[in-house]
Amino acid sequence: MRLPLRPCTPLRTSLSLCLAAAAPLLVIAPPAHAVDTTPGCAAPGARDFPLTTRIHDGPDTYEAGGGYGTWYLDLTNTTARRCTAIHPVVVLVDQRRALKPSQPRLDFYDGTGPRPHPVRFATTDEAELVGAFDDGFPGFTVDHGKTLTVKVRLALAPDTGPNEITANAAVVQRHADDGDWVGQSNDYRFDVEAATVSSTPTPATTAPSAATPPGQDLSFTDELARTGIGTAHLVLAATSVLLVTAGALLLARSRR
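Conventions used here
Sequence order as written defines residue numbering, which begins from 1 separately in each chain. Per-residue local features of the predicted model are confined to residues with pLDDT of at least 70, and side-chain atom pairs are confined, for both listing and counting, to 80 or more; whole-chain, interface and lining totals are unaffected and use all residues. Only hydrogens and water are set aside; all other atoms, that is, all heavy atoms of the structure, feed into the side-chain values. A helix here means a DSSP run of H or I that spans at least four residues, while a strand means a run of E at least two residues long, and both kinds are numbered starting from the N terminus. Note on definitions: a residue-residue contact is assigned when non-hydrogen atoms from the two residues lie within 4.5 Å. Areas reported here follow the Shrake-Rupley algorithm with a probe of radius 1.4 Å; residue values treat only the protein chains shown as occluding. The buried label applies to any residue whose accessible area, calculated with a 1.4 Å probe on protein chains only, is under 20% of its type's maximum; exposed applies above 50%, and partly exposed to all values in between. For the charge count, each Lys or Arg is scored as positive and each Asp or Glu as negative, with His and the chain ends excluded. We count a salt bridge whenever a side-chain nitrogen from Lys or Arg sits within 4 Å of a carboxyl oxygen from Asp or Glu. Pairing of N or O atoms within 3.5 Å defines a polar contact, subject to two protein rules: one partner must be a possible hydrogen donor and the other a possible acceptor, and residues neighboring in sequence count only if both atoms are side-chain atoms. By definition, two strands form a pair when at least two bridges between them are found by DSSP. Axes here mean lines fitted to C-alpha atoms, for a helix over just the part in contact, with angles spanning 0 to 180 degrees between N-to-C directions. By definition, disulfides here are pairs of cysteine sulfur atoms that lie within 2.5 Å. Patch criteria: residues need more than 30% relative accessible area and no salt bridge. Like-charged residues are merged within 9 Å; nonpolar side chains of Val, Leu, Ile, Met, Phe, Trp and Tyr are merged within 5 Å. A charge is said to be at NZ when it belongs to Lys, at CZ for Arg, at CG for Asp and at CD for Glu. By nonpolar core we mean a set of buried residues, namely Ala, Val, Leu, Ile, Met, Phe, Trp, Tyr and Cys, connected to one another through side-chain atoms within 4.5 Å.

## Remarks on the overall build of the protein
Next, step 1: Summing up its helical and strand segments, the protein has three helices and 13 strands in all.
Next, step 2: Considering only contacts within the protein whose residues lie at least 6 apart along the sequence, 78% involve residues at least 24 apart.
Next, step 3: Per element, the accessible surface of the protein, about 12,900 Å² overall, is 54% carbon and sulfur.

Dropping the structure here:
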């Protein structure tokens, strides 16, 4: 279903980027009688993004199959208004165009507890990956003049090959049935090293057991299940990233 989008109030230089960034958040249309009570971040006629967005303190290198690397996303509200329902949308562009949606394992923290929220990725026709910070949570709130720092962690599956990846975040303010493009981050570049080959002989294949042995690599779906997220949230996350595929191609081209 095609949902309406309000114009990109902060910057009107690239409507395609606004549509692409907002697309994954517009998953379920509200009832016809629903009223949007979310105030817009930007003042009418403003030409700058209301949220200054910066990725920082991430590692320069990740090892495929290794542990998580932590980085941070700063959202700074430069307006006199309170910004609510804020959802970053991360784009991963790898140099070899070989990265698969199942290989990056990206989580973010909402600041209310220890449990991370998973981000699911979809691939575009040009092999870029796009994932929204939207697994059912209501979005971040950034008070006027304040900076909210979002903790993010990233790991790469063991089958990820050597590569160079650039991460970038567009930021969307979600409304009842549409969204505003309200921020765009700097580029975060990092290298991927191949998984370390163990000298220990690989044990013979055995019949699967009911329990998962410690240290065994799990599929991303299994990992999501272990976080305790219900089926409805998994469906929402999966649907959101599927909807972004068409718009993400425009996003990738606009950034070049």
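That shown, we press on.
## Side note on the side chain of D135
Next, step 1: Mapped onto the fold, D135 is located in the loop between β8 (129-132) and β9 (140-142).
Next, step 2: Although D135 is buried, it makes no salt bridge; R115 carries the closest opposite charge, 4.6 Å away.
Next, step 3: A polar contact of 2.9 Å, which involves the side chain of D135, links it to the side chain of H117.

## Focus on the sheet that holds strand β5 (residues 104-108)
Next, step 1: The sheet built from five strands is open, its strands ordered β1-β3-β10-β5-β6 with antiparallel pairing. Across the chains shown, the open sheet's two edge strands, defined by having one partner strand only, are β1 (51-56) and β6 (117-119). Here the strands of the sheet are splayed against their neighbours by 25 degrees on average, with no regard to which way each runs.
Next, step 2: Pairing of β5 with strand β10 (residues 147-156) involves five bridges; the strand directions are antiparallel. Within the sheet, the bridge partner assigned to D107 lies in β10 and is R153.

## Some details on the pairing of strand β13 (residues 188-193)
Next, step 1: Side chains Y188, F190 and V192 project from β13 onto a buried face, and the interleaved R189, D191 and E193 project onto a face without burial.
Next, step 2: One ladder, built from three bridges, connects strand β2 (residues 61-63) with β13; its direction is parallel. Among the inter-strand pairings, T61 is bridged to a residue of β13, identified as D191.
Next, step 3: Relative to β13, strand β11 (residues 163-174) runs antiparallel, the two being bridged by five bridges.

## Quick look at the state of the cysteines
Next, step 1: Evaluated as defined, the whole model comprises one disulfide.
Next, step 2: Across the disulfide, C41 is cross-linked to C83 (sulfur-sulfur distance 2.3 Å). Linking C41 in the loop between α1 (15-22) and β1 with C83 in strand β4 (residues 83-94), this pair joins segments that are 42 residues apart in sequence. Across the pair, exposure class does not vary: C41 and C83 are buried alike.

## Regarding the pairing of β8
Within a regular strand, side chains alternate between the sheet's two faces.
Next, step 1: On β8, burial covers both faces: L129 and G131 on one face and V130 and A132 on the other are all buried.
Next, step 2: Bridge count between β4 and β8: four bridges; the pairing is antiparallel. Bridge pairing in β8 links L92 to L129.
Next, step 3: Strand direction decides the pairing type here: strand β7 (residues 122-123) and β8, joined by two bridges, are antiparallel. Residue pairing across strands places T123 opposite L129, the latter belonging to β8.
Next, step 4: The turn linking β7 back onto β8 is made up of five residues, and A127 within it adopts a positive phi angle of 70 degrees.

## Observations concerning a negative patch on the surface
Next, step 1: Side chains of D60, E63, E164, D191 and E193 sit close together on the surface and give a patch of like negative charge.
Next, step 2: Along the chain, the position of D191 falls in strand β13.

## A few points about the nonpolar core
Next, step 1: Membership of the largest hydrophobic core comes to 33 residues, with the highest contact counts inside it found for W71, I86, L106 and F133.
Next, step 2: Within the residue set of this core, elements represented by two or more residues are β1, β3 (69-77), β4, β5, β9, β10, β11 and β13.
Next, step 3: Not counting residues up to four positions away in its chain, the partners in contact with I86 are C41, L51, L75, F137, G139, F140, V171, V172, Q173 and V182.

## Some words on the side chain of S185
Next, step 1: Along the chain, S185 falls in the loop between β12 (179-184) and β13.
Next, step 2: Judged by its relative accessible area of 8%, S185 is buried.

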